[in-house]
Amino acid sequence: MKHFTCVQDIGDLSSALQKAKYTKENPFSDQHLGKNKTLMLIFFNSSLRTRLSTQKAGINLGMNVIVLDINQGAWKLETERGVIMDGDKPEHILEAIPVMGAYCDIIGVRSFAQFENKSDDYNELIINQFIQYSGRPVFSMEAATRHPLQSFADLITIEEFKKTARPKVVLTWAPHPKALPQAVPNSFAEWMNATDYEFVITHPEGYELDDKFVGKAIVEYDKEKAYRDADFIYAKNWAAYRDPNYGKILSTDRSWTVDTPKMALTNNAYFMHCLPVRRNMIVTDEVIESPQSIVIPEAANRVVSAQTVLKEILLAL
Ligand code: CP
């Protein structure tokens, strides 16, 4: 594997799941692969799970790990070419990226959608510049439109907990006070569409995702109907995608909060969320604290997904 930004980069899903299982059962068996190799993790945005799990994955593989928060201690970066740099950004990303590449063997990048320019976001302006100019394999730690390490961990978790070969998985929008990117739901949809699961997306009108990510999913606006007989409820907020509302909050309707009455409609479904989660906005205390909540094993599997991907990148160096 050269770069990892989407489901296609992982190749055959069943083979990837077998590799993930091996990694989980043998976390320290590949330390020779990372010896004298440096992993650099670049964060343009905050993180708890991605930062810690990817660092841990690199350590498990015997790598040295460098973490840089661009907005805390590094020079502010100009990202547009042609700008007269007389403002508050003293360094251009076109110098910064190859310099970072000179100090490491593999680069992970977190760079969220900024909701300033939809085309920049959906063309993945930042991570694609890392791919173009770093000279190193690059993997996404959540980019503008996808969060593939999260989605891979989600898939691993569903495979571990599913009770039928073809579970019904429901992605539900839920309310949130701030405008959040579509990366997690886009990516989750992309990975679910690569399985043979029954996959349903439910959200209020106006929150339609890009058709390219919705794919073959069933879109059901009636949330109670969507929840019925579900085996997994995957909750996430996202801001509107469609123009002219790109990046806007259209609803904070708390009837979409995942609660016990709606979970009672399901086939005793497991509750999933990528975290961090706002309790009693996205999900009630009662649901997230219930035995059906698998948010902690889901987060723990972030080490497994990152380590499986990093191993494939190391093997291809
Ligand atoms: N789920 C996830 O990516 O968590 P962080 O934002 O804390 O990394």
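This is a predicted model, so every value here is computed, not measured. (Residues numbered from 1 in each chain as written. Predicted model: local features only at pLDDT ≥ 70, side-chain atom pairs only at ≥ 80, totals over all residues. Heavy atoms only, no water.)

Chemist: Give me the lowdown on the overall build of the chain, citing residues and values where you can.
Modeler: Assigned secondary structure in the chain consists of 12 helices and 11 strands. The C-alpha atoms of the chain give 20 Å as radius of gyration, which agrees with the globular expectation for 317 residues (20 Å, within 12%). Seen through its C-alpha atoms, the chain measures out along the principal axes to roughly 55 × 50 × 30 Å. Taken across its 317 residues, the chain has 56% of its residues classed as buried. Contacts in the chain between residues far apart in sequence, at least 24 positions, make up 78% of those at least 6 positions apart. Surface exposure of the chain reaches about 13,800 Å², of which carbon and sulfur atoms provide 50%. (Helix = DSSP H or I, 4+ residues; strand = E, 2+ residues; numbered from the N terminus. Rg over C-alpha atoms; globule rule 2.2 N^0.38 Å. Buried < 20%, exposed > 50% of the residue type's maximum accessible area, 1.4 Å probe, protein only. Contact = heavy atoms within 4.5 Å. Areas by Shrake-Rupley, 256 points an atom, 1.4 Å probe, with all protein chains shown as cover.)

Chemist: Just give me the short version of helix H3 (residues 93-102), but keep the residues and values in it.
Modeler: Within H3 the residues assigned to the buried category are Ile93, Ala96, Ile97, Met100 and Gly101. All buried residues of H3 fall inside an arc of 135° around its axis, so they share one side. Among the structural elements, strand E1 (38-43), strand E3 (77-78), strand E4 (91-92), strand E5 (106-110) and helix H5 (125-133) are those in contact with the buried residues of H3. (Arc of directions from axis to C-beta.)

Chemist: I'd like to hear about the side chain of Lys118, residue by residue, with values.
Modeler: Along the chain, Lys118 falls in helix H4 (residues 118-122). With sequence-adjacent residues up to four places away left out, Lys118 is seen in contact with Tyr241, Arg242, Asp243 and Tyr246.

Chemist: Lay out the domain arrangement of the chain in plain terms, naming residues and giving numbers.
Modeler: By the assigned domains, the chain splits into domain 1 (7-146 + 302-316) and domain 2 (150-298). Between the C-alpha centres of domain 1 and domain 2 there is a distance of 25 Å. Each partner contributes to the interface: domain 1 provides 25 residues, whereas domain 2 provides 32 residues. Of the roughly 2,300 Å² buried between domain 1 and domain 2 on both sides combined, carbon and sulfur atoms contribute 65%. Counting the surface domain 1 buries against domain 2, the share from its top three residues, Phe115, Lys118 and Tyr122, is 31%. Counting across the domain 1 and domain 2 interface gives three salt bridges. Close ionic contact of Lys118 with Asp243 constitutes a salt bridge, the shortest N to O distance being 3.3 Å. For the pair domain 1 and domain 2, the interface holds 10 residue pairs in polar contact (both at pLDDT 80 or more). Among the secondary structure elements, those contributing two or more residues to the side of domain 1 that touches domain 2 are helix H1 (13-25), H4 and helix H12 (295-315). Residues that form the side of domain 1 that touches domain 2 fall into these classes: 14 nonpolar, four polar and seven charged. (Domains from an automatic or database assignment. Buried area = accessible area lost by both parts, 1.4 Å probe. Salt bridge = Lys/Arg side-chain N within 4 Å of Asp/Glu carboxyl O. Polar contact = N/O pair within 3.5 Å; in protein donor to acceptor, adjacent residues only side chain to side chain. Nonpolar A, V, L, I, M, F, W, Y, C, P; charged D, E, K, R; others polar.)

Chemist: Hey, could you go over the site of the ligand for me, with residue numbers and the actual values?
Modeler: As a structural note, the neighbourhood of the ligand is formed by Ser47, Leu48, Arg49, Thr50, Arg110, His147, Gln150, Cys274, Leu275 and Arg302. Arg49 is positioned such that a nitrogen or oxygen atom in its side chain is 2.9 Å from an oxygen atom of the ligand. A distance of 3.0 Å separates a nitrogen atom of the ligand from a polar atom in the backbone of Cys274. Computed on the free molecule, the ligand has an accessible area of 250 Å², of which 93% lies beneath the protein chains in the complex. Of the residues belonging to the shell around the ligand, the class tally is three nonpolar, four polar and three charged. Domain assignment of the residues forming the shell around the ligand places at least three in each of domain 1 (7-146 + 302-316) and domain 2 (150-298). (Near = heavy atom within 4 Å.)

Chemist: Give me the lowdown on the sheet that holds strand E6 (residues 138-140), citing residues and values where you can.
Modeler: Note: strands within a sheet are paired through backbone hydrogen bonds, in either parallel or antiparallel orientation. Taken in spatial order, the four strands line up as E2-E1-E5-E6 in an open sheet, and their pairing is parallel. At either end of the open sheet lies a strand with only one pairing partner, and these are strand E2 (64-69) and E6. Between one strand and the next, the sheet's axes are offset by a mean angle of 20°, whatever the strand orientation. Note: E1 against E2, six bridges, orientation parallel. Opposite Thr38, over in E2, you have Asn64 as the bridge partner. The sheet strands contacting helix H2 (residues 49-60) are E1, E2, E5 and E6, and the helix crosses E1 at an angle near 175°. (Pairing = 2+ DSSP bridges. Axes fitted to C-alpha atoms, helices over the stretch in contact; angles between N-to-C directions.)

Chemist: Run through helix H6 (residues 148-161), naming residues and quoting values.
Modeler: Taking 1.5 Å of rise per residue, 14 residues should cover 20 Å, and H6 covers 20 Å from first to last C-alpha, within 8% of that figure. Of all 14 residues making up H6, 11 are buried, and the element is well covered by its neighbours. For H6, the full list of buried residues reads Pro148, Leu149, Gln150, Ser151, Phe152, Ala153, Asp154, Leu155, Ile156, Thr157 and Ile158. (Expected span 1.5 Å × (residues − 1).)

Chemist: Report on the nonpolar core, specifying residues and quantitative values.
Modeler: Membership of the largest hydrophobic core comes to 52 residues, with the highest contact counts inside it found for Phe139, Phe152 and Phe199. Sorting elements by how many residues they give to this core places H12 first, with seven residues. Built from parts of two domains, this core gets at least three residues from each of domain 1 (7-146 + 302-316) and domain 2 (150-298). Excluding residues that lie within four positions of it along the chain, Phe152 makes contacts with Ile10, Ala16, Leu17, Ala20, Trp191, Ser305, Thr308 and Val309. Within the second largest apolar cluster, 18 residues are counted, among which are Tyr227, Ala230, Leu275 and Val283. (Core = buried A, V, L, I, M, F, W, Y, C linked by side-chain atoms within 4.5 Å.)

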